[in-house]
Structure formats: structure tokens, C-alpha cells
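Now for the letters of each chain:
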Amino acid sequence: RLAPAEPNRELVHLNLGRLAALRGDLVSAEREWRAVLATAPENAVARLELGTLAARQGRLAEARQLFAEAVGRDAGSPEAWANLGAAAAATGDVAAGRQALDRAYALDPTFAAALINRVVVEVAAGDLGAAQVWYERLAAAAPEHPSLAPLAARIAAARSSAKR
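Overview of the structure. (Residues numbered from 1 in each chain as written. Predicted model: local features only at pLDDT ≥ 70, side-chain atom pairs only at ≥ 80, totals over all residues. Heavy atoms only, no water.)

**Quick notes on the overall build of the protein**
Looking only at helices and strands, one finds 9 helices and 0 strands in the protein. Secondary structure elements of the protein, listed N to C terminal, follow the sequence α-α-α-α-α-α-α-α-α. Taking all 164 residues of the protein together, 38% fall into the buried category. For the protein, the proportion of contacts with a sequence separation of at least 24, taken over those separated by at least 6, is 44%. For the protein, the exposed surface amounts to about 8900 Å²; the carbon and sulfur share of it is 56%. A distance of 4 Å separates the average location of the 19 positive side-chain charges in the protein from that of its 18 negative side-chain charges. (Helix = DSSP H or I, 4+ residues; strand = E, 2+ residues; numbered from the N terminus. Buried < 20%, exposed > 50% of the residue type's maximum accessible area, 1.4 Å probe, protein only. Contact = heavy atoms within 4.5 Å. Areas by Shrake-Rupley, 256 points an atom, 1.4 Å probe, with all protein chains shown as cover. Lys, Arg positive; Asp, Glu negative; His and termini not counted. Charge placed at Lys NZ, Arg CZ, Asp CG, Glu CD.)

**Focus on the layout of surface pockets**
Taken as a whole, the largest pocket encloses approximately 330 Å³ of empty space. Only helix H3 (44-56), helix H4 (60-73), helix H5 (78-90) and helix H7 (112-125) provide two or more residues apiece to the lining of the largest pocket. The class makeup of the residues in the lining of the largest pocket is 12 nonpolar, 3 polar and 1 charged. The calculated volume of the second largest pocket comes to roughly 180 Å³. If you list the elements that add at least two residues to the lining of the second largest pocket, you get helix H1 (9-23), helix H2 (26-39) and H3. The element that contributes the greatest number of residues to the lining of the second largest pocket is H3, accounting for 4 residues. Class assignment for the residues of the lining of the second largest pocket results in 5 nonpolar, 2 polar and 3 charged. (1 Å grid on protein atoms, 1.4 Å probe; cavity = no way out; pocket = protein on both sides within 12 Å on 5 of 7 lines; lining within 4 Å. Points joined across faces, edges and corners; volume = space filled by probe spheres on them. Nonpolar A, V, L, I, M, F, W, Y, C, P; charged D, E, K, R; others polar.)

**What to know about the packing of aromatic side chains**
Under the criterion given, the structure shown has 1 aromatic pair. When the centroid spacing of 5.0 Å and the interplanar angle of 85° are considered together, the rings of Tyr105 and Trp134 count as edge-to-face. Of this pair, Tyr105 sits in helix H6 (residues 94-107) while Trp134 sits in helix H8 (residues 128-141); the two residues are 29 residues apart in sequence, bridging distant segments of the chain. The exposure class of Tyr105 is partly exposed, given its relative accessible area of 25%. Note that Arg137 overlies the ring of Trp134, its terminal NZ or CZ placed 4.3 Å from the centroid. (Phe/Tyr/Trp six-rings, centres within 6.5 Å; stacked < 30°, edge-to-face > 60°. Lys NZ or Arg CZ within 6 Å of the ring centre and 35° of its normal.)

**Quick notes on the nonpolar core**
If you look at the biggest cluster of nonpolar residues, it comprises 18 residues, and the most contacted ones within it are Phe67, Trp81 and Leu84. It is H5 that contributes the most residues to this core, 6 residues altogether. In terms of nonpolar packing, the next biggest core, distinct from the first, is built from 16 residues, Ile116, Val119, Ala130 and Ala158 among them. (Core = buried A, V, L, I, M, F, W, Y, C linked by side-chain atoms within 4.5 Å.)

**Looking at the environment of Gly72**
Along the chain, the position of Gly72 falls in helix H4. You can call Gly72 exposed: its relative accessible area is 65%. Between the C-alpha atom of Gly72 and that of Ser28, which follows or precedes it by 44 residues, the distance is 26 Å.

**Side note on the pattern of salt bridges**
Using the criterion set out here, one finds 11 salt bridges in the structure. Among the ionic pairs, Arg34 bridges to Glu30, the shortest N-O distance being 3.1 Å. Placement of the pair is Arg34 and Glu30 together in helix H2, with a separation of 4 residues, close to one helical turn. Linking Asp102 and Arg118 is a salt bridge whose minimum nitrogen-to-oxygen distance equals 2.4 Å. Of this pair, Asp102 sits in helix H6 while Arg118 sits in helix H7; the two residues are 16 residues apart in sequence, bridging distant segments of the chain. In this structure Asp102 comes out as partly exposed when scored by relative accessible area, which is 37%. Taking the relative accessible area as the measure of exposure, Arg118 reaches 8% and is therefore buried. It is possible to trace a salt-bridge network through shared partners that takes in Glu30, Arg34, Arg59 and Glu62. (Salt bridge = Lys/Arg side-chain N within 4 Å of Asp/Glu carboxyl O.)

So this is what it looks like as C-alpha cells:
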């Protein structure tokens, strides 16, 4: 047999949710990811998906909670820590955001999302020196990353604005 008689229901719901999100059907996506948690409450991936959805919809406190729960279930996930860091900073807790992003970086110093999020957090916090350091780490880790130019522009704009 090439496929199991009973497919992994968690994976099926995760993928159905991803397909729904790609179609723009966020209600169905959320329903599929919540179905995963109904049968597998320890699933960190479903929490990451739900957290990302909540963040995109501006439900930042909910996103932060979901990312924190994902970290609690998979503390070795740089993605979970990077998302938690971004959400914590977006909800006004920059110190917690930096701490979570530091953890993501410690787990994987080449994980671009963590580096990008850290640059964004530092620019928003007004620490342009730190933003430059994290930008340079991103450039070293992923020299062809498409976010490099927009981040450089963001740092330059913040520097220009600070001079006024």
C-alpha cells in the first residue's frame, strides 16, 4: 500500500486550512485549524497558523497568546519564538518581543523571519543602531533575501526622520 488506510487527520486539516487561506477563505481556514486543536490540543503548528491568521486580522493579543501556546508546546521552534516576539512587540511589550526574538536567533541564527522581525522591532523602538546590527546579520545569513531592500529603506527613512 502506498498510503495509509486512515490518513493523518491533523495533517489533512492543517493542509485544508492552508488551502482555504490561499483562496482567501479565512473562515474555513480557521475552522480547519481549530479542528486540529479539537483532536490534538498539543499541536503547535495549528496554533502558529491560527496566530498568524489572528495577527493578520489585527487580533494581536489573541495572536500573542496563540504563539505563546505554540512555544509552550514546541520550545525548539524558531518560527514560534519569532512570531511570539513580533506579536509581543506589536502589543507594546518590546522587551518581551526582543527576548523572544533573541531565543529564535539562538535556536537558528539564519532564520530570516526572526532577523526581519528584529529589525522591524528595533526600528519601531527607535534603536536604529540595533536595527542596523540585525539588518547586517540578515544580510550575512540570507544575502539574496527579498526583504533586504525594503528593510534598508525603512532604516534609512527612520534615520532621516530622526534627523529632523
